[in-house]
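# A look at the structure
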Amino acid sequence: MSASSRAFTSTRTLSSSPLFSPSITSSKSFTFFRLHFRQFIHRHSFIVISNISNFSSIMPHNQKRGGRTEQRWIQKPGSDKMDGPSDVPEVKSAASAESITNGINRLGIAENNAQPPVPVPQFGSISVDEIAPLHGQSNGQSHVSVGCSLVKNANLHGKQQENAAQTAALSKLFRQNLLENFTVDNFTYSTAKIRATFYPKFENEKSDQEVRIRMIELVSKGLATLEVSLKHSGSLFMYAGHEGGAYAKNSFGNVYTAVGVFVLGRIFLESWGTEASKKQAEFNAFLEREHMSISMELVTAVLGDHGQRPREDYVVVTAVTELGYGKPKFYSTPEIIAFCRKWRLPTNHIWLFLTRNSVTSFFAAYDALCEEGTATSVCKALDEVADISVPGSKDHIKVQGEILEGLVARLVSHESSKQMELVLKAYPSPIGEVHQDLGPGLREICAANRSDEKQQIKALLQNVGTSFCPDYVDWFGIEAADVHPRNADRSVVSKFLQANPCDNSTIKLKEMVRLMREKRFPAAFKCYHNFHKINTISGDNLHYKMVIHVHSDSGFRRYQKEMRYKPDLWPLYRGFFVDINLFKASKEKAEEIARISADIGKNDKDSDDPSRQSGLADEDANLMIKLKFLTYKLRTFLIRNGLSVLFKEGPAAYRTYYLRQMKIWNTSPGKQRQLSKMLDEWAVYIKRKCGHRQLSSSVYLSEAEPFLEQYAKRSPENQALIGCAGDLVRTEDFLAIVEGGRDEEGDLETEKDLTPSSPSPDAVQKKEGLIVFFPGIPGCAKSALCKEILSASGGLEDDRPIHSLMGDLIKGRYWQKIADERRRKPYSIVLADKNAPNEEVWRQIEDMCRSTKASAVPIVPDSEGTETNPFSLDALAVFIYRVLNRVNHPGNLDKSSPNAGYVLLMFYHLYDGKSRREFESELIERFGSLVKMPLLKSERSPVPDKVKTVLEEGINLYWLHSKRHGRLDSTKGTYVREWVTWEKQLRETLFGNAEYLTSIQVPFEFAVNQVLEQLKRITKGEYTTPTSEKRKFGTIVFAAIDVPVADILNLLSNISKNEPKVKAFLEDTNMANNLKTAHITLAHKRSHGVTAVANYGPFVNQTVPVDVAALFLSDKLAALETHPGSVDGQKISSKNQWPHLTLWTAEGIPPKEANTLPDLLLQGKANRIEIKPPFRISGVLQFH
């Protein structure tokens, strides 16, 4: 490929591509090809009525915003990943030409002149024409775009009679308690088919910085390409056709999915004009026939505020998935673009980075923009540093605005660029929107139907038209009949697991569900009646929809670990919906199923796995990093998510909250100061305006946007902080009604609500108090430790008084007593001798620190922990064993306690859901320190099987008990007898292994000494906060070569020996003591732009030789003239016209004025002392 930049211009017809033969580009057919990572694979065909050559014959463009017809392909000169002499890629061999042709021909689309019938829309068993027209829809006739066919009045009576009969039959059917009467036996079978899903959620086990390094390494070796896409700010929406269903992140049949269906349907109207109804029906039929789903980012102003109210309501396709009857297969990005251009669906902006230089420049560009970036500046910078840029069909700036949520960077096949080139040639950008009366829009419909959520849903579905939404059973079930509700009994899952599987897909899904239930993952398996199958339901044939809802990210992490041990497990997907069929089979049918089952899985080798296609290891194929921008986060996380803290707990708590968030993000000190000033002002403003009534988070921008706009106008600094404000879209009149306060996307939660409310203990002041507390479990020896601290010789080598409050001796609210004690003795050290096991207690301690000017130090028993608990089973065994050896304990938890084991399990489960790393990181981020109390010897034998077994049995019994009875004591409830038996077995087992449990513990004296030493370091200010997983990179302002100060001082000393002026200068400025750092600025983002700074990314941490040629002196400035050398044969050039190292400026003179020294020399206002030969020093290129 030529080294020159190239651009490929979109064309209107496929005949312009040399890849298509005349037969392929005929007016009766066109092709759509699916590209694989390493080769083109011929696959099944599908029928679609369409004619690509007619693209240009449709009406002129609509005047609506958001359409984007421009298509760019950018290639940088000298890319070592794109070889070849020609300007466009050509097939050089017959073999490669044949593979491309096969790939293109894989999905032949034959013309089908028989247009599918357009059914009458059904609302349950009632057709649309039987429902009173809603606001925004005419009763007389519908818009052409909607494509509604109303039933003529002559047929209405017969239709109503038919519906009444159907309703009566269904009512009778559902009243029979079909599921309850459905028994599982040897002739009971089940099938499970995924209907919609999004990508698996993989958690990087490495830090963000380690992920970056690995990405750069793999791209540098030519093993992968880095793909970056825009993150539009909306909600996940999945669509599998009308029969397959419309889904939100963890639900269906609600206003979120109704809005999604309407917006997607309207996309067809905007793109296809008068053909829209036909194309909508074809698209539904295609998704159902091919068993596919598409995932989209649904961006709309009617579902609540994110970072900025979008100017238009739209979707962007983010995934296309073939579900088939096996493991879901996700299209690559080139395949998604081809698919979307065929159906004229919106695509995202994509950038590809093929070389080490471009990847490192990308990360540097993000670091330079992460605190100030907007859509314009980010897209401009990425266009400049990327090897390939493919603009999306929806321009973020036009349809959403300048506030950009973030970027998603992931590794893809190293062949991706070639695939992308072929797709862009074969599938030119579709035309823009067409002129047409589209009927009422989303915001108009929602505004006109404000009575309740159900009314809005009905109006939206009716207006989308019958071609796209023939009936509404997913939203309302069989509403007209008095029948069973949509929700199904929980026993569906149990009977599904018990029934015989019919195929490999069912086997794998049952394996997944069974594992998650047995391991008690934080997930729900919600089942609903599948009313799409209503005509086939009987007592022996039941159909359900199952929603697999993972409640927390820890579930994904735990499942990911299970996959490492069981590679054949299917991934745990985000947005996971399954159709389940339970049925009885005759003896003959059962034998047939058994014969087929013998070959199950033989052809399902998951050959489409990305990791196997790309040749990357699993952990590399799944590497992904999300990069968000501060201009978005200040709105969503700091303002919106902080509203509840501000209104419920007050401005002081709100300040603690936002400082915590900024510390988590590693926000630069300058931005922290600016944000603190702005957020304090916001808190005063909104509290004064709203009083005690909290501002709704769904419309928070109604108040925040005008405030931010006025704040930004005060100074350029404020403008950079805010990013963009103004042009507010009002939503109060058309906001969708979400009953029950649901938040489908879940982003109203804070990003790991952590940070120290107390000053970091490595800077503890003697005027402050100190709270020492214990996030532990009974038996962790906290009371014994407190006694040792009180009686220790010399105490903590601190002059503050120390006293302890034992929780078992305090009546009433313990933590309130601690707060009272803090106020009485504000400069003392309090030992809070009580278990502090959860975040609720930690927040109380934070409040005390803030209100009484204290720091807090947690002391935790050291343990390896598990994936879901910070304490291991052997630690739990030791804690219980210690408790069972107590006598006359003040809290009555000792050997005489009948349910001591249950109480310890209750405390153990208070920590459930946190790994050891998460547990420690959270405490460190909240309180700035952590003291570990040694517990178990590192060299110890494994836990005896009997001990492990009895603990696991207790954990399982606790899970059953708490699931049924909540926090009811074990001496009450269903499992009383089982608890008595287990408590007896627990004692026998632990006392039978007493020698082991005693031998694995470290000596108590050793543990006490270790704790005392750590506490002393904290009180002396010698404590160093442990590293956490926060990113170690920050905002980049400029690139420079850092040089050793000692080398510079040595050079100046040598010059001064022969130059009296230099000697006098050094003495007058006290250079030896005042020169603390020395660097040669190469580029500054304010002066030279983000890209100029980012392009030094490949050379960061590299040693650069520098020749110092002269010393410049004036009465107010001093600098060294420098000439940077080369790294690996590549010259390091400064963007400054005069490369230099600033030594000194007079008071009040900014360092950048050193750039004027050459001009001052010409004016006779400066002196130049040449250094012959030039003095060679070495420095390291760094970002600052």
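Please refer to the structure placed before this passage.
Rules behind the numbers
Residues numbered from 1 in each chain as written. Predicted model: local features only at pLDDT ≥ 70, side-chain atom pairs only at ≥ 80, totals over all residues. Heavy atoms only, no water. Helix = DSSP H or I, 4+ residues; strand = E, 2+ residues; numbered from the N terminus. Buried < 20%, exposed > 50% of the residue type's maximum accessible area, 1.4 Å probe, protein only. Contact = heavy atoms within 4.5 Å. Areas by Shrake-Rupley, 256 points an atom, 1.4 Å probe, with all protein chains shown as cover. Expected span 1.5 Å × (residues − 1). Axes fitted to C-alpha atoms, helices over the stretch in contact; angles between N-to-C directions. Parallel < 35°, antiparallel > 145°, perpendicular 65-115°, else oblique. Nonpolar A, V, L, I, M, F, W, Y, C, P; charged D, E, K, R; others polar. 1 Å grid on protein atoms, 1.4 Å probe; cavity = no way out; pocket = protein on both sides within 12 Å on 5 of 7 lines; lining within 4 Å. Points joined across faces, edges and corners; volume = space filled by probe spheres on them. Pairing = 2+ DSSP bridges. Left-handed = near helix turned anticlockwise from the far one by under 90°.

## Quick look at the overall build of the chain
- Counting secondary structure elements, the chain contains 43 helices and 32 strands.
- In the chain, buried positions account for 58% of the 1184 residues.
- Expressed as a percentage of contacts within the chain between residues at least 6 apart in sequence, the contacts between residues at least 24 apart total 82%.
- Put simply, the chain shows about 49600 Å² of open surface, and 49% of that area lies on carbon and sulfur atoms.

## Regarding helix 31 (residues 873-884)
- Helix length check: helix 31 (twelve residues) gives 16 Å between terminal C-alpha atoms against 16 Å at 1.5 Å per residue, within 8%.
- Judged by how many residues are buried, helix 31 sits mostly within the fold: eleven of twelve residues are covered.
- When helix 31 is considered as a whole, its buried residues turn out to be Leu873, Asp874, Ala875, Leu876, Ala877, Val878, Phe879, Ile880, Tyr881, Val883 and Leu884.
- Contact partners of the buried residues in helix 31: strand 23 (854-861), helix 32 (900-910), helix 34 (945-965), helix 35 (976-992) and helix 36 (994-999).

## Focus on the packing of helix 32 against helix 34
- Orientation of helix 32 relative to helix 34, taken along the N-to-C sense of each, is 75°, at an axis distance of 10 Å. Regarding the angle of helix 32 to helix 34, the classification is roughly perpendicular. Between helix 32 and helix 34, the contacting residues are Tyr902, Leu905, Met906, Tyr908 and His909 on the first element and Gly954, Ile955, Tyr958 and His961 on the second.
- Of the residues that constitute the contact of helix 32 with helix 34, the class distribution is six nonpolar, three polar and no charged.

## Here we look at the layout of surface pockets
- Volume-wise, the second largest pocket comes out at about 1200 Å³.
- In terms of lining residues, the second largest pocket is bounded by 47 residues, among which Lys782, Asp808, Asp833, Lys834 and Asn835 are the most central.
- Taken together, the elements giving at least two residues each to the lining of the second largest pocket come down to helix 28 (782-791), helix 29 (814-824), strand 22 (829-835), helix 30 (839-852), helix 32 and helix 37 (1004-1020).
- Top contributing element to the lining of the second largest pocket by residue count: helix 30, with six residues.
- The residue inventory of the lining of the second largest pocket, partitioned by class, reads 24 nonpolar, eleven polar and twelve charged.

## Side note on the pairing of strand 20 (residues 769-774)
- Most of strand 20 sits inside the fold, with six of its six residues counted as buried.
- Side chains Gly769, Ile771 and Phe773 of strand 20 all project onto a buried face; the interleaved residues Leu770, Val772 and Phe774 project onto the opposite face, where all are buried too.
- Alignment of strand 20 against strand 23, held across five bridges, turns out to be parallel. Each residue of the ladder has a partner; that of Gly769, found in strand 23, is Ala854.
- Across four bridges, strand 20 lies against strand 22 in parallel orientation. Bridging across to strand 22, Ile771 finds its partner in Val830.

## Here we look at helix 32
- Burial runs high along helix 32: nine of the eleven residues are buried.
- Inspection of helix 32 places Ala900, Gly901, Tyr902, Val903, Leu904, Leu905, Phe907, Tyr908 and His909 among the buried residues, and these make up the whole buried set.

## A short note on the sheet that holds strand 16 (residues 523-529)
- Strand order in the open sheet made by the five strands is 15-5-18-17-16, with mixed pairing throughout. At either margin of the open sheet sits one strand with a lone partner, and together these are strand 15 (500-501) and strand 16.
- Judged from the nine bridges that link them, strand 5 (residues 188-197) and strand 18 (residues 576-584) form a sheet pairing that is antiparallel. Looking at the pairing, Thr197 lines up with Phe576 of strand 18.
- Helix 16 (residues 491-498) rests against strand 5, strand 15, strand 16, strand 17 (541-550) and strand 18 of the sheet, and its axis sits at about 65° to strand 18.

## What to know about the packing of helix 28 against helix 37
- At a minimum axis separation of 10 Å, helix 28 and helix 37 run at an interaxial angle of 60°. Taken together, the axes of helix 28 and helix 37 lie oblique to each other. Regarding helix 28 and helix 37, the two cross each other, and that crossing is right-handed. Residues Ala784, Leu785, Glu788 and Ile789 of helix 28 pack against Phe1004, Val1008, Val1011, Leu1012 and Leu1015 of helix 37.

## Some thoughts on unusual backbone geometry
- Of the consecutive residues Lys1172 and Pro1173, the connecting peptide bond is found in the cis state with omega at -15°.
- Checked against the element boundaries, Pro1173 lands in strand 32 (residues 1167-1183).
- Phi at His291 takes a positive value of approximately 50°, unusual for a residue other than glycine.
- Within the secondary structure layout, His291 lies in the loop between helix 7 (276-290) and strand 9 (292-299).
- The exposure class of His291 is buried, given its relative accessible area of 7%.
- Phi is positive for Asn1101, close to 70°, though the residue is something other than glycine.
- Position of Asn1101 among the secondary structure elements: in the loop between helix 42 (1090-1094) and strand 27 (1103-1113).

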